[in-house]
Structure formats: structure tokens, C-alpha cells
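A closer look at the structure
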Amino acid sequence: IFLFYLTLLNSTNSAEKIGTIVNLTNEVHAINVAGEKRLLDLYDDVFLQDEILTNNLSIATVQYNDNSTVIVKKSSSFKVTDFNISGLKDVFFGKVERGSVIIESGKIAKKFNGSMIIKLPTMNLEIKGTRFSVQNNPDGTSEVSLAEDSFGEVGVINISSENEVKTLFDTEQVVFINNESNISE
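Read on for an overview of the structure. Fair warning: this is a prediction, and the values are worked out from it, not measured in the lab.

1. A short note on unusual backbone geometry
For Gln49, which is not glycine, the phi torsion reads 75° and is therefore positive. Of note, Gln49 is situated in the loop between strand 4 (45–47) and strand 5 (51–54). Here Asn67, not a glycine, exhibits a phi torsion of approximately 75°, which is positive. Secondary-structure assignment places Asn67 in the loop between strand 6 (59–64) and strand 7 (69–72).

Right, dumping it as C-alpha cells:
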């Protein structure tokens, strides 16, 4: 009985609308938590646990309910694994498995008690109110750069990889992670 309720709770949460497709070029797909693939169109809903997939000709822009904007570039993927904007602690946890994305954080990352974390194959990014770019390269390396957001503000990104931590606070900084998970600027 417990497993039934746990499964029901999990499927209910994954059916929660957390965003909308606000721009797309060519074919963009989403794969839900059950593994079902669907073709996305302009203004389609995006749900918790949906993995947004682009091919080598497509780009998608998703506007999330906290006003975060994610541009999923060509041949890339992005997935939100946890999202809560109405709790004691607001959270936005996402994953970039491949390719590159540009993210402008919204209300969650700008709140004192909000937590926005983006997981990459070789590192985790803890975001505090900013716009940034992530590139996962085919050779297994990754790079992260910071930019001004739409309001001209620059936030902070704490990057952690294994036992190393680096803070990005300046738009002139670019951080690279090599195949051994070492951070360099």
C-alpha cells in the first residue's frame, strides 16, 4: 500500500506544470518521467521531470513559473528534477546532461532562502540571482560563464566539483572543468 501511495504521489508531482515553451526553432521534444516522448509546440506546458531535447537544428526557450528562463541550445538537454515556489524553502533543481544552455534565474535564485542548483556531468552550480551560460563539450570538459541579467545585475555562482569549490562573481571569469574534474579559471 505504501508503494502504491508513493507511486501515486510521484506521478502527481511529475504532472505539475512548472513552465511554458515561449520560443522554439524546428523540432523540440520532451520526455516525461514515464519515458514517453512528445513533440513540443509554442506555448506547450512543461512539467516537472520533463527532459527538453533539441537536435542539431533546434533551439527551445522555456519560461518557468518563477520567471527563470532557460534557452536550450542545439543538440542539448535540460531537465528540472525539483521545483517548488510556494514552500518554506523554494527550490529549482535542474540537470544539463549534454550540450549547452543559457539560464537567467528567476525569483527562486534571487530569494535569500531560495535554492537554485544546476547539475552538470562533472560539477554542480549553486546560483544566486544571475544569468549564465553552460557548455558541456563532447570531450567531457565543461565551462561556465557569468553575464549580466536583464536588469543589469550580476549574481554569484558557486561551482563545486568533487572536493574543489570556485565562486564566479565577475563577467570576465570563465571556469573550465577538465576530465579529471579539476577546476581552472
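Okay, back to it.
2. Overview of the pairing of strand 16 (residues 164–168)
The sheet contact formed by strand 15 (residues 156–161) and strand 16 spans five bridges and is antiparallel. Bridging from a neighbouring strand, Ser161 pairs with Glu164 of strand 16. Linking two consecutive strands that pair antiparallel, namely strand 15 and strand 16, is a turn of two residues; a positive phi of about 55° is found at Glu162 within it.

3. Considering the pattern of salt bridges
For the structure shown, the criterion picks out seven salt bridges. For Asp45, the salt bridge is made with Lys17, and the minimal N-O distance between the two is 3.8 Å. Linking Asp45 in strand 4 with Lys17 in strand 1 (residues 17–25), this pair joins segments that are 28 residues apart in sequence. Two residues, Arg131 and Glu104, come together in a salt bridge whose shortest N-O distance is 3.2 Å. With Arg131 in strand 13 (residues 131–136) and Glu104 in strand 10 (residues 99–104), the pair connects residues that are 27 residues apart, well separated along the chain. Taking the relative accessible area as the measure of exposure, Arg131 reaches 26% and is therefore partly exposed.

4. Side note on the nonpolar core
If you look at the biggest cluster of nonpolar residues, it comprises 38 residues, and the most contacted ones within it are Tyr64, Phe78, Ile118, Leu125 and Ile159. Among all residues touching Ile159, those that are not within four sequence positions of it are Met123, Asn124, Leu125, Val144, Glu164, Val165, Lys166, Leu168, Val175, Ile177 and Ile183.

5. Observations concerning the sheet that holds strand 14 (residues 142–147)
A sheet is described by the order of its strands in space; here nine strands give the open sequence 4-1-6-7-10-13-14-17-18, paired in antiparallel fashion. Each edge of the open sheet carries a strand with a single partner, namely strand 4 and strand 18 (183–184). Pairing of strand 17 (residues 174–177) with strand 18 involves two bridges; the strand directions are antiparallel. For Ile177, the partnering residue across the bridge sits in strand 18 and is Ile183.

6. Examining the environment of Ala30
Following the sequence through the fold, Ala30 ends up in strand 2 (residues 28–31). If we ignore the near neighbours within four places in the chain, the residues touching Ala30 are Glu36, Lys37, Arg38, Leu40, Asp50, Glu51 and Ile52.

7. Side note on the sheet that holds strand 3 (residues 37–39)
Where strands meet in a sheet, backbone hydrogen bonds hold them as pairs that are either parallel or antiparallel. A sheet is described by the order of its strands in space; here nine strands give the open sequence 3-2-5-8-9-11-12-15-16, paired in mixed fashion. Edge positions in the sheet fall to strand 3 and strand 16, since each of these pairs with one other strand and no more. On average, adjacent strands in this sheet sit at an angle of 20° to one another, irrespective of strand direction. Sheet topology note: the strand 2/strand 5 ladder contains four bridges and is antiparallel. Opposite Val28, over in strand 5, you have Thr54 as the bridge partner.

Calculation notes
- Residues numbered from 1 in each chain as written.
- Predicted model: local features only at pLDDT ≥ 70, side-chain atom pairs only at ≥ 80, totals over all residues.
- Heavy atoms only, no water.
- Helix = DSSP H or I, 4+ residues; strand = E, 2+ residues; numbered from the N terminus.
- Pairing = 2+ DSSP bridges.
- Salt bridge = Lys/Arg side-chain N within 4 Å of Asp/Glu carboxyl O.
- Buried < 20%, exposed > 50% of the residue type's maximum accessible area, 1.4 Å probe, protein only.
- Core = buried A, V, L, I, M, F, W, Y, C linked by side-chain atoms within 4.5 Å.
- Contact = heavy atoms within 4.5 Å.
- Axes fitted to C-alpha atoms, helices over the stretch in contact; angles between N-to-C directions.

Functional significance is not addressed by these values, which are geometric in nature.
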